[in-house]
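Report on the structure
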Amino acid sequence: MLIDFVPDKSLYPFESRWFDSSAGRVHYIDEGAGPPLLFCHGAPAWSFLYRHIVKDLRDRYRCIAVDYPGFGLSERPEGFGYTIPEHTAVLGELIDHLRLDGFVLMGQDWGGPIGLGASAARADRVRGIVLGNTSFWPTEALANRAFSVIMGSRPMQRRILEQNFLVERVLLAELGRKLSAAEADHYRAVQPTAEARRGLAATPKEIRAARPLLDRLARDVPVLLGDKPALLVWGMRDMVFRPNACIPRMRAAFTDLDVVELPHARHFIQEHAPEAIAAAIAKRFP
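Residues numbered from 1 in each chain as written. Predicted model: local features only at pLDDT ≥ 70, side-chain atom pairs only at ≥ 80, totals over all residues. Heavy atoms only, no water.

**Quick notes on the overall build of the protein**
The condition that has to hold: Numbering of helices and strands runs from the N terminus; a helix is a DSSP stretch of H or I covering at least four residues, while a strand is a stretch of E covering at least two. Both definitions apply: the radius of gyration is a C-alpha atom measure, and the globule rule equals 2.2 Å times residues to the power 0.38. Burial classes follow relative accessibility: with a 1.4 Å probe on protein chains only, a residue under 20% of its type's maximum area counts as buried, one over 50% as exposed, and anything between as partly exposed. Working rule for contacts: check all heavy atoms of both residues, and any pair within 4.5 Å makes them a contact.
Along its length, the protein carries 12 helices and 8 strands. Taking 286 residues into account, the globule formula puts the C-alpha radius of gyration at 19 Å, and the protein, at 17 Å, falls close to it. Per-residue burial for the protein yields a buried fraction of 58% across its 286 residues. Considering only intrachain contacts with a sequence separation of at least 6, the fraction spanning at least 24 residues in the protein is 78%.

Printed below as a string of structure tokens:
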């Protein structure tokens, strides 16, 4: 299943590109020239989330932003499980296909573990790491585990599939007046039907189901990527990835880490503070 939606060029002024992964057809953008930056989104977003940052940085960097299968304009493949390990494998295939070398990864939300998993397997090709409001270890927070259980329940799965709950009541509920009506519709339009939303429905359950991958990342990231130049850009008002719980663990994992606090930003930092994020990346990785 492919998504029949063409983004508005005034909002998303990028050329759509396609990669035939082993799982299905993957959509991505590849803008500008220079040192490569690889942007990885979380749920329930897509590469549209990075549009402001890409526009700010593409005059100095090669900016690549991907949509995982089940998200954005990418295919909804038959037989795909939409698990975090599967997304990680597809991202790794794209990195290899594009022959990225000396790249800087940025991951937020599920884009953290997905991007770090693909990057740890290619650590010799990684220049640096940018993380924002994410984690790469199993959650011990009761609230996060409860969210996974509740969202994985049959009634909530039905609401995710039939009412687009994660877009309407999570992403758009947070961003509210930050987005124009047209911008909000770009988040809705890439998840148009219950069938299209199966990838969304899988992500809350992965908070618990992906524990083996997260256990491995908790061990591997400090060893394989911990000495890379790293940057945290953190929304300090995020109630999911709370700064006091996450930032100290990030400091322990990376030996060369800069931290930029975004005092008014909540979870979807790319919408709340894109200019500050772009400036921090340009300063850290000139």
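Next comes the rest of the write-up.
**Here's the deal with the packing of helix α5 (residues 154–163) against helix α6 (residues 165–175)**
To keep things clear, this is the line we draw: With axes taken as lines fitted to C-alpha atoms, and helix axes fitted only over the stretch in contact, angles between N-to-C directions fall between 0 and 180 degrees. Should an angle fall under 35 degrees it is taken as roughly parallel, and over 145 as roughly antiparallel, whereas 65 to 115 is taken as roughly perpendicular and any remaining angle as oblique. Amino acids are sorted into nonpolar (Ala, Val, Leu, Ile, Met, Phe, Trp, Tyr, Cys and Pro), charged (Asp, Glu, Lys and Arg) and polar (every other residue, Gly among them).
Running from amino to carboxyl end, α5 crosses α6 at an angle of 95 degrees, the nearest separation of the two axes being 6 Å. With respect to α6, the axis of α5 lies roughly perpendicular. Residues Met-156, Arg-159, Ile-160 and Gln-163 of α5 touch α6, and the partners they reach there are Phe-165, Leu-166 and Glu-168. For the contact of α5 with α6, the residue count by class is 4 nonpolar, 1 polar and 2 charged.

**Here's the deal with the sheet that holds strand β2 (residues 25–31)**
Counted only if it meets this: By this definition, two strands are paired if DSSP reports at least two bridges between them.
With respect to topology, 8 strands assemble into an open sheet ordered β1-β2-β4-β3-β5-β6-β7-β8, the strand pairing being mixed. Unpaired on one side and paired on the other, β1 (17–20) and β8 (257–262) mark the two borders of the sheet. The mean inter-strand angle of the sheet, taken between neighbouring strand axes irrespective of direction, is 20 degrees. Set on the sheet, helix α3 (residues 111–120) makes contact with β3 (36–40), β5 (103–108) and β6 (126–132); between it and β5 the angle comes to about 150 degrees.

**Comments concerning α5**
Operational definition: In this description, one arc is meant: the one made by directions from the helix axis to the C-beta atoms.
Along α5, the residues classified as buried are Met-156, Gln-157, Ile-160 and Leu-161. Projected down its long axis, α5 shows its buried positions confined to an angular sector of 135 degrees, all on one face. Facing away from the buried side of α5 by over 90 degrees, the exposed positions are Arg-154 and Glu-162. For α5, the elements touching its buried residues are α4 (142–151), α6 and α8 (198–209).

**Observations concerning the pairing of β8**
Defined as follows: By definition, the crossover connecting two strands over a helix is right-handed if that path, from the first strand to the second, turns clockwise as seen with the strands pointing away from the viewer.
Inspection of the sheet shows strand β7 (residues 230–235) paired to β8 by 6 bridges, in the parallel sense. What sits directly across from Ala-230, in β8, is Leu-257. Once the chain exits β7 it traverses helix α10 (residues 243–253) before rejoining the sheet at β8, and the crossover so formed is right-handed.

**Points about the packing of aromatic side chains**
Rule in force here: Any Phe, Tyr or Trp ring, taking Trp's six-membered ring, that has another such ring centre within 6.5 Å forms a pair; planes under 30 degrees apart are called stacked, those over 60 apart edge-to-face, and the others tilted. Criterion for a charge above a ring: Arg CZ or Lys NZ at most 6 Å from the ring centre, at most 35 degrees from the ring normal.
For the structure shown, the criterion picks out 10 aromatic pairs. Considering the side-chain rings of Tyr-12 and Trp-46, the 5.2 Å spacing of their centres and the 40 degrees angle between planes classify their relative orientation as tilted. Of this pair, Tyr-12 sits in the segment before β1 while Trp-46 sits in the loop between β3 and α1 (51–57), and the two are 34 residues apart along the sequence. The buried category is assigned to Trp-46, whose relative accessible area is 0%. Judged by centre distance (5.5 Å) and plane angle (15 degrees), the ring pair of Trp-46 and Phe-48 falls under stacked. Take Trp-46 and Phe-48: they sit in the same class, and that class is buried. Three or more aromatic residues joined by ring pairs make a cluster, and in this case those are Tyr-12, Phe-14, Trp-46, Phe-48 and Tyr-187. Sitting over the face of the ring of Phe-48, Arg-51 holds its NZ or CZ atom 3.9 Å from the ring centroid. Sitting over the face of the ring of Phe-285, Arg-284 holds its NZ or CZ atom 5.9 Å from the ring centroid.

**What about helix α9 (residues 211–225)?**
Note the following rule: Expected helix span is taken as 1.5 Å per residue step, with the number of steps being one fewer than the number of residues.
When the terminal C-alpha atoms of α9 are compared, their 20 Å separation across 15 residues agrees well with the 21 Å that a helix rising 1.5 Å per residue should span. Looking only at α9, the buried set comprises Leu-213, Leu-214, Leu-217, Val-221 and Leu-225. On the buried face of α9, the contacting elements are α2 (84–97), α3, β6 and α8.

**Comments concerning the environment of Gly-92**
Along the chain, Gly-92 falls in helix α2. Remark: the alpha-carbon pair of Gly-92 and Glu-75, spanning 17 residues in sequence, is separated by 17 Å. Leaving out residues up to four positions away in the same chain, Gly-92 has contacts with Ala-118 and Arg-122.

**Details of the nonpolar core**
Stated precisely, the cut-off is as follows: The definition of a nonpolar core used throughout is a set of buried Ala, Val, Leu, Ile, Met, Phe, Trp, Tyr and Cys residues joined through side-chain atoms within 4.5 Å.
Grouped together as the largest cluster of nonpolar side chains are 103 residues, with contacts concentrated most on Phe-39, Leu-57, Phe-136, Tyr-187, Phe-254 and Ile-281. Beyond its immediate stretch of four places on either side in the chain, Ile-281 contacts Leu-37, Phe-39, Leu-57, Tyr-61, Met-106, Val-130 and Leu-231.

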